[in-house]
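# Residue-level structural notes
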Amino acid sequence: MYNNPGIWQEIKYKYHYGGTHVKIIFINVAIFVILTLVLLIDNLLFKGIGEGFILKQILGSSDLQTILHKPWIILTNIFVHLGLLHLFFNMLFLNLFGGIVKDLVGNSKIIPIFLMSGIMGFITFVLAYNLIPAFKSPGGATICGASGGVMGITFAAVALSPNYEIRLLFLGNVKIKWLAIFYVFMDIISLQGENAGGSIAHMGGALLGFVYIRQLQSGRDWARPFYIVEDWIANLKAPKRKVKVAYKKEEKVAAGSREFNSGKSNQSSKQSADQQERLDEILDKINKSGYDSLSTEEKAFLFKISQED
């Protein structure tokens with residue numbers, strides 16, 4: 001008899017095996033739920049006395065003094081959503097384009113692109129509201145949401161495979177490069193609206209995501225500091241192993257010897273070069289004909305490479 005695993009088991013499965021972009025979605029949703037509950041309790045029991053204080057600690061601000069006194073808002077504002085629709089559409093696009101980036105360059109690139117694009121979006125917002133007279137406001141403007149990071153992921157996908165097609169309701173298959181152009185056009189129009197700061201952050205994040213991939217394709221990975229931090233955290237979590245001393249006869253080649261490692265390294269390097277060549281061929285094919293033109297074997301290869309990263 002079929003045993004239904006239950007909603008909680010499905011959620012845990014999605015979190016652990018859905019990819020890094022799915023983990024970011026879970027984090028954003030969790031923060032939204034917690035913040036909503038805290039503000040609800042504050043309004044019901046304390047008539048909203050603490051709401052202003054709470055939001056001032058986590059929302060982004062264009063005021064330079066506020067940023068100097070609360071530098072953490074550069075990061076916290078990326079994970080704060082004050083509206084359900086705002087959260088929904090951000091997470092919808094993150095899930096869609098995050099999956100594309102994951103398939104093409106691997107899980108390890110998702111967090112760096114998302115965070116760098118989100119921070120770049122915030123910096124662009126601050127610069128615009130301090131340097132452009134039309135945007136200046138007394139006390140500074142506030143900003144929140146993952147839009148800058150999501151746009152970075154979106155344009156990273158565009159830089160990787162502009163002809164990648166996705167199916168949209170009522171429109172059918174659409175190449176993501178046309179969606180990207182539409183997003184930029186809408187943000188330019190919105191510069192005259194109430195959410196001008198959000199539109200500026202979108203464009204800053206989009207630019208960072210696109211340029212990052214172009215730099216990566218040229219052999220320059222801006223995300224190296226993130227990898228160092230990730231490795232450090234992984235080492236902290238990893239259980240310490242007891243050192244075992246093994247004695248071998250002198251005539252045998254030890255597994256840790258230079259001769260052994262040299263042969264192993266040469267073989268590993270050859271395999272990596274072959275994999276990279278194969279990956280480049282597949283990415284070129286996607287750029288020309290779209291992801292759907294790949295064979296089952298090529299899709300499986302991409303999936304395998306993304307898991308290794």
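Residues numbered from 1 in each chain as written. Predicted model: local features only at pLDDT ≥ 70, side-chain atom pairs only at ≥ 80, totals over all residues. Heavy atoms only, no water.

## Overview of the overall build of the protein chain
- What the protein chain contains, in helices and strands, is 13 helices and four strands.
- Relative to its 309 residues, the protein chain shows a buried fraction of 39%.
- Taking as baseline every contact in the protein chain between residues at least 6 positions apart, the subset at least 24 positions apart corresponds to 65%.
- With an accessible surface of roughly 19,700 Å², the protein chain has 63% of that area assigned to carbon and sulfur atoms. (Helix = DSSP H or I, 4+ residues; strand = E, 2+ residues; numbered from the N terminus. Buried < 20%, exposed > 50% of the residue type's maximum accessible area, 1.4 Å probe, protein only. Contact = heavy atoms within 4.5 Å. Areas by Shrake-Rupley, 256 points an atom, 1.4 Å probe, with all protein chains shown as cover.)

## With respect to the confidence of the model for the protein chain
- A residue-level look at the protein chain finds 83% of positions with pLDDT of 70 or above and a mean pLDDT of 84.
- In this model, residues 247–262 is a region of pLDDT below 50 whose contacts with residues beyond four sequence positions or in other chains number seven contacts. (pLDDT = per-residue confidence, 0-100.)

## A short note on the pairing of strand β4 (residues 172–175)
- Direction of pairing for strand β3 (residues 165–168) relative to β4: antiparallel, over a ladder of four bridges. What sits directly across from R167, in β4, is N173.
- Linking β3 to β4, which pair antiparallel, is a turn of three residues; within it F170 sits at a positive phi near 75°. (Pairing = 2+ DSSP bridges.)

## Section: the side chain of S62
- Locating S62 in the fold gives a position in the loop between β1 (60–61) and α4 (64–69).
- When sequence neighbours within four positions are dropped, the list of residues in contact with S62 reads F125, V126, Y129, N130, G140 and A141.

## What about the side chain of T154?
- Relative to the assigned elements, T154 resides in helix α8 (residues 147–160).
- By relative accessible area, which is 2% here, T154 ends up buried.

## A closer look at the packing of aromatic side chains
- Here the structure, examined in full by the defined rule, presents 10 aromatic pairs.
- With a centroid separation of 5.0 Å and an interplanar angle of 45°, the aromatic rings of Y13 and Y17 are classed as tilted. Separated by four residues within a single helix, Y13 and Y17 lie in helix α1 (residues 7–17), roughly one turn from each other. In this pair, the class of Y13 matches that of Y17, namely exposed.
- Taking 5.5 Å as the distance between ring centres and 85° as the angle between the ring planes, the aromatic pair formed by F93 and Y183 counts as edge-to-face. Residue F93 is located in helix α6 (residues 84–105), and its partner Y183 is located in helix α9 (residues 176–189); the two are separated by 90 residues in the primary sequence.
- Relative accessible area serves as the criterion here: at 27%, F93 is assigned to the partly exposed category.
- Residue class for Y183 comes out buried when judged on its relative accessible area of 14%.
- One aromatic cluster is present, formed by F93, F97, F182 and Y183 through successive ring pairs. (Phe/Tyr/Trp six-rings, centres within 6.5 Å; stacked < 30°, edge-to-face > 60°.)

## Comments concerning unusual backbone geometry
- Here K47, not a glycine, exhibits a phi torsion of approximately 55°, which is positive.
- One can find K47 in the loop between α2 (20–46) and α3 (51–58).
- You can call K47 exposed: its relative accessible area is 76%.

## Remarks on helix α10 (residues 196–217)
- Taking 1.5 Å as the rise per residue, α10 with 22 residues should run 32 Å; its terminal C-alpha atoms sit 32 Å apart, in good agreement.
- G219, located one to two residues past α10, shows a positive phi value of around 95°. (Expected span 1.5 Å × (residues − 1).)

## Observations regarding the nonpolar core
- If you look at the biggest cluster of nonpolar residues, it comprises 49 residues, and the most contacted ones within it are L94, F97, V101, F114, I153 and I286.
- When residues of this core are assigned to their parent elements, the largest contribution, nine residues, is made by α8.
- Once you skip the residues sitting within four places of it in the chain, F114 turns out to touch I24, N28, I78, F79, L94, A146, G149, V150 and I153.
- One finds F135, I143, I200 and A201 within the second-largest nonpolar core, a separate group that totals 13 residues. (Core = buried A, V, L, I, M, F, W, Y, C linked by side-chain atoms within 4.5 Å.)

## A look at α2
- With 27 residues, α2 extends 38 Å between its outermost C-alpha atoms, agreeing within 8% with the 39 Å of an ideal straight helix rising 1.5 Å per residue.
- If you check which residues of α2 are buried, you get T20, H21, V22, I24, I25, N28, F32, L35, L39 and D42.
- If you follow the buried residues of α2, they end up packed against α1, α3, α6 and α7 (110–131).

## Quick word on the environment of I176
- Among the secondary structure elements, I176 is positioned in helix α9.
- Under the relative-accessibility criterion, I176 is labelled buried at 0%.
- Separated by 12 residues in the primary sequence, I176 and Y164 have C-alpha atoms spaced 5.9 Å apart.
- Those residues within four positions of I176 in sequence are excluded, and the remaining contacts are F97, A157, V158, S161, P162, Y164 and I166.

## Brief notes about the pattern of salt bridges
- Enumeration over the complete set of coordinates arrives at one salt bridge.
- Residue K102 is joined to D103 by a salt bridge in which the shortest nitrogen-to-oxygen separation is 3.8 Å. Residues K102 and D103 agree in their burial class; the two are buried. (Salt bridge = Lys/Arg side-chain N within 4 Å of Asp/Glu carboxyl O.)

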